[in-house]
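Survey of secondary and tertiary structure
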Amino acid sequence: MSTLPELSFPAINADWHAHATKRFAGPFVGVNFDRVDVDPVILPYAAIQSGFGLKEFYQNPRLGMASVCWTNEMHDLLSVGHWFYSNVWMRELGCTLKYTDTLPPIVDGARPIQKPEDVDKLVPVDVSGIEKGPTFTELTSGYDFMKNGPLAGFFVPIHWGFCPTAMSAEMVGVDKFMLWTIKQPKLCHKIMDTIVDTSANAAIAIAKRYGFAMMVIGGVLANSDLLSPAKVKEYGVDYHIKLVKKAFKGGAGPQLWYHLCGNHSRDLALWKDLIMSPFTVMHVGYKGKESYPIKEIKEMWGNRATIMSNVDTKLMYRGHPKEVYEVSKQMILDGKDSPRGFVHGCACEVPAYTPSANIYAMVKAAREWGKY
Ligand SMILES: [Zn+2]
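Here is a short report on the structure shown in this document.

The rules we used
- Residues numbered from 1 in each chain as written.
- Predicted model: local features only at pLDDT ≥ 70, side-chain atom pairs only at ≥ 80, totals over all residues.
- Helix = DSSP H or I, 4+ residues; strand = E, 2+ residues; numbered from the N terminus.
- Rg over C-alpha atoms; globule rule 2.2 N^0.38 Å.
- Buried ≥ 20, exposed ≤ 12 C-beta atoms within 10 Å, placed from the backbone.
- Contact = placed C-beta atoms within 7 Å.
- Axes fitted to C-alpha atoms, helices over the stretch in contact; angles between N-to-C directions.
- Parallel < 35°, antiparallel > 145°, perpendicular 65-115°, else oblique.
- Nonpolar A, V, L, I, M, F, W, Y, C, P; charged D, E, K, R; others polar.
- Pairing = 2+ DSSP bridges.
- Core = buried A, V, L, I, M, F, W, Y, C linked by C-beta atoms within 7 Å.

1. Concerning the overall build of the chain
For the chain, the count of helices and strands is 16 helices and 10 strands. The C-alpha atoms of the chain give a radius of gyration of 20 Å, which matches the 21 Å a tight globule of 372 residues would have. Expressed along its principal axes, the backbone C-alpha trace of the chain runs to roughly 60 × 45 × 40 Å. Across the 372 residues of the chain, 52% fall into the buried class. Put simply, 74% of the contacts in the chain that link residues at least 6 apart link residues at least 24 apart.

What follows is the structure in structure tokens.
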């Protein structure tokens, strides 16, 4: 198969895209249209469905983004194309990324911080450093293609600073970082400041080039399985606020998507002070091992943000369409009247090898129970 996206996919159906655009805009303009939108957070799933692998998906952003758009039409999902991975802006800070056939890019080899003295030498990457770096160059090759090519209608310039806590931990090695949160908190904060300032500068660089930058931020490591509630606040919430403040001040935003990944059973209330623009999506994964109840998320944020639901990703991968349909139906009934809109989704990115029948089960439930 050619790796030129223009040659890999036929043109998108313009009528479908116009309809999906109106539906997608619904929650943000306050006029719900057609039905609840479905966003299973399609990433390498799109590559597998389109006949190529994970490595190509991440190494060739143009092809990756085009496959997401095509899969969105195939399953009647979003009118916008998302493409991202967690270990972003890390190469600029001295990490090496490894691309494999089974995982998103992973940080590989010796970490830039080996000993406490290395932390003193850390300096955030400024906007011009970001613009010259490998991540921005790669990302803009995809974004420029999206903006100026046949998929322009799908284009949203996205900045993601996926979990500042997890990115900071990768600078040192996760185990060592967790230990340092107890023994060397000052060092951890210096690393986190560097990560957050670098990430904010990246958001500013994207906004500078494209006029705005939707921000995707995840609390992945900052959750109840790995940190105490007090540490989730100290190493998660406070840095999310800092990142958004700095990025917005530099011209990024106004769209925000908060993805609180994993188990937030003990810490969810601590995230209530997150900065919210009028275009904010709030997405929480789990309460213990169960999907976080939509009614509770709606109660907490429904008046300030669009709520996104959270079908267990293990169910998506291993469950049957009937189970996915029933779970989806309940979530849609619980969430569809949320004051600032509702999107039906998975608890995290849908696994790459999820049966397509389970995506269809989500969409079928939205068509049958999520009508406006
Ligand atoms: Zn996640």
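The rest of the description comes next.
2. Observations concerning the packing of helix 10 (residues 174-183) against helix 11 (residues 185-210)
In the contact formed by helix 10 and helix 11, the axes pass within 6 Å of each other and the chain directions differ by 120 degrees. Classified by the angle between their axes, helix 10 and helix 11 sit oblique to one another. Contact residues: helix 10 offers Phe177, Trp180 and Thr181, while helix 11 offers Pro185, Leu187 and Cys188. Taken together, the residues of the contact of helix 10 with helix 11 sort by class into 5 nonpolar, 1 polar and no charged.

3. Observations concerning the pairing of strand 7 (residues 279-287)
Across the 9 residues of strand 7, 7 count as buried, placing the element largely inside the fold. Across 7 bridges, strand 6 (residues 255-263) lies against strand 7 in parallel orientation. Note on strand 7: the bridge partner recorded for Asn263 is Tyr286. Two elements, strand 7 and strand 9 (residues 306-308), share 3 bridges in a ladder whose sense is parallel. Paired with Val281 across the two strands is Thr306, which belongs to strand 9. With 2 bridges joining them, strand 7 and strand 8 (residues 290-291) adopt antiparallel strand pairing. Counterpart to Lys287 in the pairing with strand 8 is Glu290. If you look at the hairpin formed by strand 7 and strand 8, you'll find 2 residues sitting between the two strands, and Gly288 has a positive phi there, around 65 degrees.

4. Structural notes on the nonpolar core
Counting residues in hydrophobic clusters, the biggest one holds 120 residues, and the most contacted among them are Ile191, Ala203, Met215, Ala247, Ala252, Met282 and Met362. Looking at which element gives the most residues to this core, the answer is helix 11, with 13 residues. Ignoring anything within four residues of it in the chain, the contact list for Ala247 reads Ala200, Ala203, Ile204, Met215, Ala252 and Gly253.

Nothing here speaks to function; it is geometry throughout.
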